[in-house]
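Spelled out, the chains give:
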Amino acid sequence: MHSVSIIRGQLVFFIVLQVFAVEAEVIAAARVVQSASAETRSVTGNTNMTAKAGCKERCGNVSIPYPFGMGTSNCYRDVRFKINCSNFNNSPVALFNGWEVFQITPDYVRVNIQANVTCGYGNTTGTIQVSKFPFPVSNTLNKLTVLGCNIYGFISNIGEQSNPISYNSISSGCLSRCNAEVNISDITSKCSSYGCCQETIPSKLKNFMIQTNEVLLHNNGYNSTISTNDACSSAFLVDQAFSIPDIRSLKEDSFVPVILDWAITDFTTCKEAQKTRSSYVCGENTNCLEWQNGPGYRCNCSKGYQGNPYLLHGCQDVDECKELDKCGKGVICTNTLGSYNCMADDDRKFPVSRVVSLVIGTSIVTILLLWMGYRLYIRFEKKRQIKLTKTNHFARNGGLMLKKMVTPNDGVGEKTIKVFITEELDKMTNNFSTSRIIGKGGFGTVYTGVLPNGETVAIKKSKLVDENQVEQFINELVILSQINHRYIVKLLGCCLETHVPLLVYEFVSNGTLSYHLHVEAGDSESSLAWKNRVRIASEIAGALAYLHSDTSTPIFHRDIKSTNILLDENYKVKVSDFGISRSIHRDETHLTTLVQGTFGYLDPEYFSSSQFTDKSDVYSFGVILVELLTGEKAISKTRFAEQKSLALYFVKSMEGNRLSEILDARVCHEGSKDDVLLVAQLAKKCLNIVGKKRPTMKEVSLTLAVCMRNFQEIPCTD
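Sequence order as written defines the numbering, with residues in each chain counted from 1. Reporting in this predicted model follows two pLDDT cut-offs: at least 70 for local features of residues, and 80 or more for side-chain atom pairs to be given and counted; totals over whole chains, interfaces and linings ignore these cut-offs and use all residues. Each side-chain value is worked out from all heavy atoms of the structure, with water and hydrogens disregarded.

**Considerations on the overall build of the protein**
Move 1: Helix and strand content of the protein: 16 helices and 35 strands.
Move 2: Burial here depends on accessible area, computed with a 1.4 Å probe over protein chains only, as a share of the maximum for the residue type. Under 20% is buried, over 50% is exposed, and the range in between is partly exposed. Looking at the 718 residues of the protein, the share that counts as buried comes to 47%.
Move 3: For the protein, long-range pairs separated by at least 24 residues make up 64% of all intrachain contacts whose partners lie at least 6 apart in sequence.
Move 4: With an accessible surface of roughly 37,400 Å², the protein has 52% of that area assigned to carbon and sulfur atoms. Secondary structure elements follow DSSP: runs of H or I of four or more residues count as helices, runs of E of two or more count as strands, with numbering from the N terminus. A contact between two residues is defined here by any heavy atoms of the two lying within 4.5 Å. Each accessible area is a Shrake-Rupley result for a 1.4 Å probe, and residues are judged covered by the shown protein chains and nothing else.

Given below as structure tokens:
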């Protein structure tokens, strides 16, 4: 009896398959590469979708409209819309994520997917198909189809837990049954649960799986469960407009059409998408429509336009007047953008052209006036912003404080420092042209400029300013402006309207002491004679002694080095670069700061304690004395270890009685032994490791002045 039920179950399955054999011969025999000729759905609405300019429009018989596309990434919106056009057996086939494409419309993509058939004992229960699509399958145009005897097939989201025999929002299914008696006349082409059933599917399905289960049914005592090696079943999604083919010949490489909904899913709603115009897809003359099968939106051409709404100029005006008798007989049809007008013959005497011209002329004048007003507003706003920025910079850089300090209380008399405006300095430096740069340092860049009276000046542009020390900066600025010493470069003024302050100094034309002192490779000897070297040292010492002792408040230079000693055309000294200089009260002995300065000139005591004293400047001056004696730089590129430091190398040489070995040739030839030794011993005192044992700059200045009065020109080798 059981074998009879098996035979009857098999018979029902094959009868069901035989009923839907209308399209079977084409579909069943065809593999994926042959299915491109399958019948396409009829399309309503806009059918004028086109590809992007310069991109291929077709693959075989399939049109590929933008945002879909083939070839380079410029032809499609992103990888989700990429179509590959491949050749199989010399026939072009459009592939979308590996699935053959029948048709692309403004609403859906019709693809060819595999419909599995499982046969044999134990194979009618389990997972038939797992699919992952870039877009959800259409829940209105597809149906789940189940074939077989007493087979329950169902579809569900991947990863969702659901009871196979239940129906809910994330799962749906149907039962295909077989009765005890099989009559072919009882089976129609419609799946009505007898050997075949169909069921609608949930919406928003992209990743899903289709499964089948055998169901044990009893009908009049007859056990209709099929469980032999010949039992077969199939469950698959299919376009509901597609007739079920003859599956007797279908194998796992057989395919049926499925409809995928598609939309732009960068944003969940039209409102969100329209906020970001750069990524909004809909072109001109379009409407944005919310997508019903998930988060996203679609584009439609506005009424009176047709074309591809996903291209910028894709929707073009439809000339409705091309339709015969669009407005009726005897009525004139006039096409307009997005619409048309109907006008009786008698109405044509109305001066339409004159009215149109008047409207156009008025519109042009209005647009020009608006444009001119907008330009004037932009110009005014730009000037206002520039003025506001300058005012903010001026206040932040201490400009208001400086004005109070340099303006006499009675309102008469001369200011001690000139405050320049930005436009003056721009004109003086040709907008700070790179051709005007004469020097760069750790704390700024120096430009040359020309005052209206023709005087050349140097303009220092600092790299940064400490906003917490604005008051101190202004105090020192005023002090420096009051310094009037022949061996110190004169501060002429400043500009505080810029991001960082600009300082204007007198221009010194003959370069730095370092330039004239240090012999480059290929040069025979320095241009500085011994007598000039001693004079230069004396002038530097006089300038530093003045800063330490003769100003109203002592000033520590803090960056004495040969590159900060300028020489004029007569080789007279000008001490420069007061970028990190600080003033102190007379009752103070030192200044505690972060260590700043130039390696090779730094006082060892200051380096270890962060306490800068007047003796720290003395140490830096001692290094310059050694440079004048030896012609070498403060840090050697040829010596190693401790000998890299010129100061240490000099002290060791003095202690080893090897002074003559390190002297510059010109010093040795032109200077007397006593004078050279006097200067060398003075340099050694200045370089004493203990600051308190160093002489003051006033003592150094007096010693060098005596040396100048007793100057002898007897070679030190004699």
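Past the structure itself, the notes keep going.
**Details of the UniProt feature "binding site: ATP" (unreviewed entry) in the protein**
Move 1: UniProt positions are given in the numbering used here, feature names are shortened, and annotations may be inferred rather than shown by experiment. If you check UniProt for "binding site: ATP" (unreviewed entry), the listed places come out as Lys461 in our numbering.
Move 2: Along the chain, Lys461 turns up in strand 27 (residues 456–462).
Move 3: The exposure class assigned to Lys461 is partly exposed, which follows from its relative accessible area of 34%.

**Quick look at the packing of helix 9 (residues 530–550) against helix 11 (residues 614–630)**
Move 1: Running from N to C, helix 9 and helix 11 point in directions that differ by 170°, and their axes come no closer than 10 Å. Overall, the two elements helix 9 and helix 11 adopt an arrangement that is roughly antiparallel. When helix 9 is examined against helix 11, the residues Trp530, Arg533, Ala537, Ile540, Ala541, Leu544 and His548 are found in contact with a partner set consisting of Asp614, Asp617, Phe621, Ile624, Leu625, Leu628 and Leu629.
Move 2: Ten residues, namely Ala, Val, Leu, Ile, Met, Phe, Trp, Tyr, Cys and Pro, are considered nonpolar, four, namely Asp, Glu, Lys and Arg, are considered charged, and the remaining ones, Gly among them, are considered polar. Here the contact of helix 9 with helix 11 is composed, by residue class, of 10 nonpolar, 1 polar and 3 charged. For helices, the fitted axis covers only the stretch in contact; all axes are lines through C-alpha atoms, and the angles between them, taken along N-to-C directions, range from 0 to 180 degrees. The cut-offs work like this: below 35 degrees is roughly parallel, past 145 is roughly antiparallel, 65 to 115 is roughly perpendicular, and the gaps in between are oblique.

**As for the state of the cysteines**
Move 1: In this description, the term disulfide denotes a pair of cysteine sulfurs within 2.5 Å. Considering all chains together, one arrives at 8 disulfides under this definition.
Move 2: For Cys327, the disulfide goes to Cys342, at an S-S distance of 1.8 Å. Looking down the S-S bond of the Cys327 and Cys342 bridge, the torsion is -70°, so its handedness is left-handed. Of the two residues, Cys327 sits in the loop between strand 21 (315–317) and strand 22 (331–336) while Cys342 sits in strand 23 (residues 339–344), which places them 15 residues apart along the sequence.
Move 3: Classification of Cys327 as buried rests on a relative accessible area of 17%.

**A few points about the packing of aromatic side chains**
How two aromatic rings sit relative to each other is given by the distance of their centres and the angle of their planes.
Move 1: Stacked, edge-to-face and tilted labels apply to pairs of Phe, Tyr and Trp rings (six-membered ring for Trp) whose centres lie within 6.5 Å, assigned for plane angles under 30 degrees, over 60, and everything in between, in that order. Under the definition given, this model contains 14 aromatic pairs.
Move 2: With centroids separated by 5.1 Å and ring planes inclined at 85°, the aromatic side chains of Phe68 and Trp262 adopt a geometry described as edge-to-face. Here the residue Phe68 occupies a position in the loop between strand 2 (62–63) and strand 3 (84–88), and Trp262 occupies one in the loop between strand 17 (255–261) and helix 3 (270–275), the gap between them amounting to 194 residues. The pair Phe68 / Trp262 is uniform in exposure class, with both members buried.
Move 3: The interplanar angle of 85° and the centroid separation of 5.1 Å between the aromatic rings of Phe432 and Tyr447 together place this pair among those described as edge-to-face. Within this pair, whereas Phe432 is found in the loop between helix 6 (422–428) and strand 25 (437–441), its partner Tyr447 is found in strand 26 (residues 444–450), the two being separated by 15 residues in sequence. For the pair formed by Phe432 and Tyr447, the shared burial category is buried.
Move 4: Every member of this aromatic cluster is reached through a ring pair, and the members are Phe68, Phe81, Phe96, Phe135, Trp262 and Tyr310.
Move 5: A cation sits over an aromatic face here: Lys418 above Phe420, 4.9 Å from the ring centre.
Move 6: Whether a charge sits over a ring depends on NZ of Lys or CZ of Arg being within 6 Å of the ring centre and within 35 degrees of the ring normal. Arg558 extends its terminal NZ or CZ atom over the ring of Phe612, reaching a point 5.7 Å from the ring centre.

**Some thoughts on a nonpolar patch on the surface**
Move 1: Each patch is built from residues lacking any salt bridge and having more than 30% relative accessible area; the joining distance is 9 Å for like charges and 5 Å for nonpolar side chains (Val, Leu, Ile, Met, Phe, Trp, Tyr). What makes a salt bridge here is a side-chain nitrogen of Lys or Arg within 4 Å of a carboxyl oxygen of Asp or Glu, nothing more. A cluster of nonpolar residues, Val352, Val356, Ile360, Ile364 and Leu368, forms a patch on the protein surface that exposes about 420 Å² of accessible area.
Move 2: With respect to the helices, strands and loops of the structure, Leu368 is situated in helix 4 (residues 352–396).

**Overview of the environment of Arg535**
Move 1: By secondary structure assignment, the location of Arg535 is in helix 9.
Move 2: Along the sequence, Arg535 and Ala705 sit 170 residues apart, while their C-alpha atoms lie 8.4 Å from each other.
Move 3: With sequence-adjacent residues up to four places away left out, Arg535 is seen in contact with Asn570, Tyr571, Lys572 and Met708.

**A look at unusual backbone geometry**
Move 1: Between Tyr66 and Pro67 the backbone carries a cis peptide bond, its omega angle lying at 20°.
Move 2: Relative to the assigned elements, Pro67 resides in the loop between strand 2 and strand 3.
Move 3: A positive phi is found at Lys204, a non-glycine position, where the angle reads about 65°.
Move 4: As for its placement among the helices and strands, Lys204 is situated in the loop between strand 12 (196–199) and strand 13 (205–214).

**Focus on the pattern of salt bridges**
Move 1: Counted according to the given criterion, the structure contains 18 salt bridges.
Move 2: Between Lys698 and Asp550 there is a salt bridge, and its shortest N-O distance comes to 3.4 Å. Of this pair, Lys698 sits in helix 16 (residues 697–709) while Asp550 sits in helix 9; the two residues are 148 residues apart in sequence, bridging distant segments of the chain.
Move 3: Residue classification places Lys698 among the partly exposed residues on the basis of a relative accessible area of 38%.
Move 4: Each of Arg77, Asp78, Arg80 and Asp266 takes part in a single network of salt bridges with overlapping partners.

**Brief notes about the pairing of strand 3**
Move 1: Taken together, the 5 bridges between strand 3 and strand 4 (residues 91–96) define a ladder with antiparallel strand orientation. Within the sheet, the bridge partner assigned to Phe88 lies in strand 4 and is Ser91.
Move 2: For two strands to pair, DSSP has to find at least two bridges joining them. The hairpin formed by strand 3 and strand 4 contains 2 residues between the paired strands, and Asn89 there has a positive phi angle of roughly 50°.

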